[in-house]
Structure formats: C-alpha cells, structure tokens
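Observations on chain architecture
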Amino acid sequence: MKKREKKKKRKEAALEKALLKQKKRRAEVRRQVVKKEIKKQKKYAKIGKTITKDDPSYELMFSMLLGIRVCVSRETAKHNKNRECTARDFRQVYTAMIPSKGTQSTPAHTCRDFKFKDYAPKVFRNIRETFGIDSADYLLSLTGEYILQEIITPGKSGAFFYFTQDTRYMLKTLTPLEKDFLIEILPAYYQHVMSNKNTLIIKFFGFHSVRVKTGLFHFVIMGNIFAQSLTIHRRYDLKGSTVGRTVGEKKKMKPGATLKDLDFDRSITLGPEKRKKFLKQIEKDVEFLIKAGIMDYSLLLGIHFESEASRKQKLKLKKKKWEKIKEKRKKALKGKKEHHVVEEKGKEGKEKGKEGKEKEKEKEKEKEKGKKPDIEEKELEESEEEESTGSDMQIG
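In this report, we go over the structure that sits alongside the text. (Residues numbered from 1 in each chain as written. Predicted model: local features only at pLDDT ≥ 70, side-chain atom pairs only at ≥ 80, totals over all residues. Heavy atoms only, no water.)

Looking only at helices and strands, the protein chain has nine helices and eleven strands in total. Here the protein chain holds 396 residues, and the buried ones make up 29% of them. As displayed, the protein chain offers around 29,500 Å² of accessible surface, 54% of which is attributable to carbon and sulfur atoms. (Helix = DSSP H or I, 4+ residues; strand = E, 2+ residues; numbered from the N terminus. Buried < 20%, exposed > 50% of the residue type's maximum accessible area, 1.4 Å probe, protein only. Areas by Shrake-Rupley, 256 points an atom, 1.4 Å probe, with all protein chains shown as cover.)

A few words now on the packing of aromatic side chains. Aromatic ring pairs are described here by two measures, namely the spacing of the ring centres and the angle between the planes. Inspection of the entire model under this criterion finds nine aromatic pairs. Taking the centre distance of 5.4 Å and the plane angle of 55 degrees together, the rings of Y189 and F204 count as tilted. Within this pair, whereas Y189 is found in helix α6 (residues 176-195), its partner F204 is found in strand β7 (residues 204-212), the two being separated by 15 residues in sequence. Measuring from centroid to centroid gives 6.4 Å for Y189 and F288, while their planes differ by 50 degrees, and the two rings are tilted. In this pair, Y189 sits in helix α6 while F288 sits in helix α8 (residues 272-292), placing the two residues 99 residues apart along the sequence. Classification of F288 by relative accessible area gives buried; the value is 8%. Site record: aromatic cluster; members linked through ring pairs are Y138, Y169 and F205. Note that R74 overlies the ring of Y94, its terminal NZ or CZ placed 3.6 Å from the centroid. (Phe/Tyr/Trp six-rings, centres within 6.5 Å; stacked < 30°, edge-to-face > 60°. Lys NZ or Arg CZ within 6 Å of the ring centre and 35° of its normal.)

The subject of this paragraph is helix α2 (residues 58-76). An ideal rise of 1.5 Å per residue puts 27 Å on 19 residues; α2 measures up with 27 Å between its terminal C-alpha atoms. Counting buried positions along α2 gives 15 out of 19 residues, so the element sits mostly inside the fold. (Expected span 1.5 Å × (residues − 1).)

Below, the discussion takes up helix α4 (residues 121-130). Of all ten residues making up α4, eight are buried, and the element is well covered by its neighbours. Of all the residues in α4, the buried ones are P121, V123, F124, R125, N126, I127, R128 and T130. Looking at the buried side of α4, the elements it contacts are α2, α3 (87-91), β3 (114-119), α5 (135-143), α6 and β7. Taken from the residues just after α4, G132 is the one with a positive phi, measuring 70 degrees. (Contact = heavy atoms within 4.5 Å.)

Our focus in this paragraph is a positive patch on the surface. Together, K3, R4, K6, K7, K8, K9, R10 and K11 give the surface a local cluster of positive charge. Counting through the fold element by element, R10 comes out in helix α1 (residues 2-43). What makes R10 exposed here is its relative accessible area of 63%. (Patch = residues over 30% accessible without salt bridge, like charges linked within 9 Å, V, L, I, M, F, W, Y side chains within 5 Å. Salt bridge = Lys/Arg side-chain N within 4 Å of Asp/Glu carboxyl O. Lys, Arg positive; Asp, Glu negative; His and termini not counted. Charge placed at Lys NZ, Arg CZ, Asp CG, Glu CD.)

A separate point is empty space enclosed by the protein. All told, the structure shown has two cavities of 30 Å³ or more when counted by the stated rule. Estimates place the volume of the largest cavity at around 60 Å³. Lining the largest cavity are V72, E75, D118, Y119, P121, F124, R128, Y138, F205, G206, F207 and H208. Those elements that provide at least two residues to the lining of the largest cavity are α2, β3, α4 and β7. Ranked by the residues each element gives to the lining of the largest cavity, the list is headed by β7, at four residues. Grouping the constituent residues of the lining of the largest cavity by class yields seven nonpolar, two polar and three charged. (1 Å grid on protein atoms, 1.4 Å probe; cavity = no way out; pocket = protein on both sides within 12 Å on 5 of 7 lines; lining within 4 Å. Points joined across faces, edges and corners; volume = space filled by probe spheres on them. Nonpolar A, V, L, I, M, F, W, Y, C, P; charged D, E, K, R; others polar.)

Geometric descriptors of this kind do not, in isolation, establish any biological role.
What follows is the structure in structure tokens.
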C-alpha cells in the first residue's frame, strides 16, 4: 500500500511540474507579445503627416500647444482638486495674450504674438482628474516636444485632426456652430460623464481657441481609445444601419481601414455580468444623446487578435533562430576554408623543405666531388717526393 501511495504522489508531482512548465512557456510567449507591443508604442506609429518648422501650419500648431501649456499650468497651480463646479464655472473663459518677447507668466518664443482662450478650465480639469489624468503627464504628451501629426484629408464636417506624438490625445478643430453647441450642452455632458465613469461617449479634456494671423480656430482635446499597448487588427464604425454601410471589397483589404456595419462578419461574446453592464451603459449614453438632441452618432469598435499577434511573434522568433543558424554555418565554413588554406600552406612548406634539403645534399655532393681531385693530386705529389728521396738515398 505504501508503495502505491508513493507512486501516486510521484505521478501527481510529475503532472504538477509539467503543468507549471506549460504555464511558464505561455507566460513567456505573452510577455514577448506585450514587449513587442510596448516597443511599437515607444516608436509611435505614424498616423498622419508630422508637422515640422517648414510646414505652413507649424505656427498654428505651435501656438495651440504653447497656449495649452500656459493655461493648464495656470489652472493646476491653484490646487483646488475635485471642487464642485458652479454655473459660473461653465461660463468662465480665461484669455491670455502670449507675445513673442515673453512675460512673467509666458515664455518667449520665435513665432508671432497670438491670443489664446481657455473655456471652462475648472470643468475640464475635474474631468481629467476623474479619469486619472495627471496634469504633468497631460502636458508632457501634448507639449513635450511641440510636435503633432496632422491628418491631411479632413472629415465630412470639414474638421482637421491632430494627434500627439504618443497618440494618446487628438485635437479636433470645430466650426462656430459646433463651438456654440458644445458650450450649450457642457453642463449636461459634465454631469453625465462624472456620474458614469464607464461611459462610451468620447471624453473631452480641454476646450480652447487661438487667434493667429491666418484666423480664429476653436478646437477640443479628446482621448484616443486606440492608444493602447496592443495593436488593433480590426476597426469598425457601427451605426446600427445597413443603408450604404460598407467600405467596399477593395478598402477591406487595406491595413488600418475603418470598416462599417455590413463589413462586420463576426460575433463578440461577453460574460453575463459584462454584457449587462455594457447594455446598461449604452442605454444611459443613448438617453443623454437623445436629450442633447444628437442623432448622428456611432459606436467605434477595435479588435485585437491574440492568435494573430502570437503567430507573428512566433514567426519572428523562427526567423531569428534561422539567422543565428545561418551565421553559425557561415562561421563554420570560414573556419573550414582557413583550415584548408593552412593545410595547403603546410604542404607547400613541406614540399619546399624537401626540395631545399635535396638541393643542399646536391651541393654537398658537388663540394665533395670538387675536393676529391685535390686530395688525389696531393697524394701523387707525396708519392713523387718519396720516390725522389729514395733515388737520392740510393745514389749516396
């Protein structure tokens, strides 16, 4: 019995180890995917045309960002956090003249003098704080480098969109009618957003205007819901209608295309609690839009596919492995070639050594041959001398 129990315990321990290994592998794959997405966010994928000093809209862009910096810094210096807004706060407008020479409260700059207005600064500050946006981070995203990305083609309303370099915020220009309408609905919008933190309605974080040489421009600062660490593989603009709600077969294949209702060929499953919350929030948001008299609205949906991201990550890892294998093979081939060269040089050296030795032997033989006749001559001379001495002795 004890042996059986020990075997069972061993099996259970082995299974637990295998499960832990699988979990670790999956966690590593997820980490790699997240790292990849974070790197993409750091690189800041280009949305439109980056505005530089040579562009005609640079002065407008710089005036907008500098005005935001001055006004937001002024409002944050008051230290009145989460103070309830009164009817006066919704009508408040702070006007700042920002000359190129600079003042005590504004920095000097290279552009021309301009006039900047900040509408309902306390109201929008409360909205930012409610959604956890720190003023320092907010200004860093907007005015860290004084660079914006512009979408060249305007929308149906004739407005232009500017995105911050980290894509967290976008600036949209307003027509005079849109500006008046926003001021009218601002108290109701504020109440709805502050009482519904999970609202799906676009969040406005600032409302400003700037007057430059080219004219007067009103604009709002909005949050970009697609500024995520994960890549958005599919985008949909859903209105609940089927009349003309398709982009066509050609545009469907384009990466980053915003699809419409008839292009939505999939279903989304939510848990029972999430489904209830989602539907309730949509009902509340629609009620607010009806009361505000807004009828042209849609649901913007972004989808991230984990399988596609992990598949691409695996392919990249395989490519890296193949590159490493190729490098190793190249190094091995180079080593073999060098070895062959060394061997050939060694053979040549040996052959040369043999030839040299043979030549040396031949020279020694020649020298020996040259010495032999001298020796013979000496021997003859000695024999002749002996003979002469012998004959002399006989005569004596």
